[in-house]
Amino acid sequence: MHSDVAVLGLGQMGSALAAAFLRAGHRVTVWNRTEAKVAPLVAQGAHAATSAQEAQHSAPVVVACVLDYPALAEILDPALPGILVNLTSGSPEQARAMAGPRYVDGGIMTTPPGIGDQGSMILYSGDQDAFETAKDLLSVLAEPVNLGADPGLAALYDTALLGIMWATLTGWLHASALVTADGATAQHFTPLATRWLGPVAGFISTYAEQVDAGDYPGSDATLDVHLATLDHLVHASEVRKIDAALPRLFHDYAQKAVEAGHGTDGWARIIELLRAKAA
Ligand SMILES: NC(=O)c1ccc[n+]([C@@H]2O[C@H](COP(=O)([O-])OP(=O)(O)OC[C@H]3O[C@@H](n4cnc5c(N)ncnc54)[C@H](OP(=O)(O)O)[C@@H]3O)[C@@H](O)[C@H]2O)c1
């Protein structure tokens, strides 16, 4: 083995990963299905493997970052001798199906420009001996956050965190549609929106304890109050001909909880409806 790490897949993310390893002074082997993407990394000092299999035998740690798990299955060598760190996005079930010695799954919680920044995080879970062996190497990519031995946990947390991102982004876009309908600009409104995220983060921390306890006291604001306020959001959307599907979803959850007799509970009570819906 002539390299410290091999990177399989040189798309936008794989190229950023390989470049960060090179910047940190590591010996890096790279491979990509489409050869054209190899040249910029070779120019930065990487060794180009002639096949995916050769790459997997060139280093004790192989970092894979291709489109999805089927793509990975096409190139993965069952006789891979070293540690596989799989940074390809997938479901927790797909990650658990890969479980085994020397397998570490990862979820990258940034975009390519954030690779190499210690303010970014990458979630890992899987074989703990393998993770400890690769940890120093991986730390040049972003802060490594170890979630333990269950190989599915990194993918589960990754997808759950992305859910928060999409909910937040769409909530902000809905709010922006609302205020711009009356002539305000998104840029004028957004500093207030980002400031508001601070208190909302505080609510979440309080509610986490309630979710774990299964007890949702409405000591800060009751569902009765939320429901009355949600009426305003639905109304304001409809009057401005803005899609009210999102506020109506929140409204209907609150109404259902109130109708079930939980009007004096707090917003965290909604988790019971989310769970019931999935069952
Ligand atoms: N970009 C982000 O911000 C970001 C953030 C977090 C996680 N991720 C995850 O990182 C992974 C890669 O994303 P990306 O943004 O780098 O995507 P990308 O730029 O589209 O690159 C996709 C990579 O997968 C390879 N690939 C696709 N099908 C393949 C196959 N059948 N066999 C072998 N290689 C194949 C491509 O090879 P070719 O060059 O030959 O097409 C390319 O190297 C994805 O799982 C993504 O969800 C990305």
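Residues numbered from 1 in each chain as written. Predicted model: local features only at pLDDT ≥ 70, side-chain atom pairs only at ≥ 80, totals over all residues. Heavy atoms only, no water.

Under an unreviewed UniProt entry, the protein chain has the name NAD(P)-dependent oxidoreductase and belongs to Lentzea alba. Under the Sequence similarities (unreviewed entry) heading, UniProt states for the protein chain: "Belongs to the HIBADH-related family." (UniProt positions renumbered as here; feature names shortened; annotations may be inferred.)

Draft legend 1. Structural context of the overall build of the protein chain. Along the backbone of the protein chain there are 11 helices and eight strands. Seen through its principal axes, the protein chain has C-alpha atoms that stretch 65 × 45 × 30 Å. For the protein chain, contacts bridging at least 24 residues in sequence account for 54% of all contacts bridging at least 6. Of the roughly 14800 Å² of accessible surface on the protein chain, 60% is carried by carbon and sulfur atoms. (Helix = DSSP H or I, 4+ residues; strand = E, 2+ residues; numbered from the N terminus. Contact = heavy atoms within 4.5 Å. Areas by Shrake-Rupley, 256 points an atom, 1.4 Å probe, with all protein chains shown as cover.)

Draft legend 2. Region of the structure containing the site of the ligand. By nearness alone, 21 residues border the ligand, and Met-13, Asn-32, Thr-34, Lys-37 and Ser-89 come closest of all. Contact distances for the ligand include 2.9 Å between an oxygen atom and a side-chain N or O atom of Arg-33. Here Val-66 contributes a backbone N or O atom positioned 3.1 Å from an oxygen atom of the ligand. When the ligand is considered free in solution it has 900 Å² of accessible area, and contact with the protein chains removes 77% of it. Using a 2 Å cut-off from the grid points, one finds that the ligand occupies the second largest pocket. Those elements that provide at least two residues to the shell around the ligand are α1 (12-23) and α4 (69-75). Top element by residues in the shell around the ligand is α4. It accounts for three residues. (Near = heavy atom within 4 Å. Polar contact = N/O pair within 3.5 Å; in protein donor to acceptor, adjacent residues only side chain to side chain. 1 Å grid on protein atoms, 1.4 Å probe; cavity = no way out; pocket = protein on both sides within 12 Å on 5 of 7 lines; lining within 4 Å. Sits in = over half its atoms within 2 Å of the grid points.)

Draft legend 3. Structural detail: the layout of surface pockets. Estimates place the volume of the largest pocket at around 2200 Å³. What lines the largest pocket is a set of 45 residues, among which Thr-168, Val-200, Ile-204, Phe-250 and Trp-267 lie closest to the centre. Of all the secondary-structure elements, those providing two or more residues to the lining of the largest pocket are α7 (153-181), α8 (186-213), α9 (223-239), α10 (245-262) and α11 (270-278). Residue contributions to the lining of the largest pocket peak at 15 residues, all from α7. Grouping the amino acids of the lining of the largest pocket by side-chain chemistry returns 35 nonpolar, nine polar and one charged. For the second largest pocket, the calculated volume is near 380 Å³. Forming the walls of the second largest pocket are 18 residues, and the residues nearest its centre are Asn-32, Arg-33, Val-66, Leu-67 and Ala-71. Residue assignment for the lining of the second largest pocket shows that the elements contributing at least two residues are α1 and α4. Per-class residue counts for the lining of the second largest pocket are eight nonpolar, six polar and four charged. (Points joined across faces, edges and corners; volume = space filled by probe spheres on them. Nonpolar A, V, L, I, M, F, W, Y, C, P; charged D, E, K, R; others polar.)

Draft legend 4. Summary view of the side chain of Ser-3. By the element assignment, Ser-3 lies in the segment before β1 (5-8). Judged by relative accessible area, which is 4%, Ser-3 ranks as buried. Separated by 3.1 Å, the side chains of Ser-3 and His-2 make a polar contact. When residues no more than four places from it in sequence are discounted, the contact partners of Ser-3 are Arg-27, Val-28, Thr-29, Ser-58, Ala-59 and Pro-60. (Buried < 20%, exposed > 50% of the residue type's maximum accessible area, 1.4 Å probe, protein only.)

Draft legend 5. Seen up close, the packing of aromatic side chains. Within the structure shown, the criterion is met by two aromatic pairs. Summarising the aromatic geometry, the rings of Tyr-124 and Phe-131 are spaced 5.5 Å apart at their centres and angled 45 degrees between planes, so their arrangement reads as tilted. When its relative accessible area of 1% is taken as the criterion, Tyr-124 is described as buried. Between the aromatic rings of Trp-196 and Phe-203, the centroid separation amounts to 5.9 Å while the plane-to-plane angle is 75 degrees, which identifies the pairing as edge-to-face. (Phe/Tyr/Trp six-rings, centres within 6.5 Å; stacked < 30°, edge-to-face > 60°.)

Draft legend 6. Representation of the pairing of strand β7 (residues 121-126) in the model. With respect to burial, β7 is a largely interior element, five of its six residues being buried. In the sheet, strand β6 (residues 103-108) pairs with β7 via five bridges, with the strands oriented antiparallel. Each residue of the ladder has a partner; that of Asp-105, found in β7, is Ser-125. Sheet analysis places β7 next to strand β8 (residues 143-146), joined by four bridges and oriented parallel. Across the sheet, residue Tyr-124 finds its bridge partner in β8, namely Asn-146. With helix α6 (residues 128-138) bridging β7 and the parallel β8, this β-α-β connection has right-handed handedness. (Pairing = 2+ DSSP bridges. Right-handed = clockwise from strand over helix to strand, strands pointing away.)

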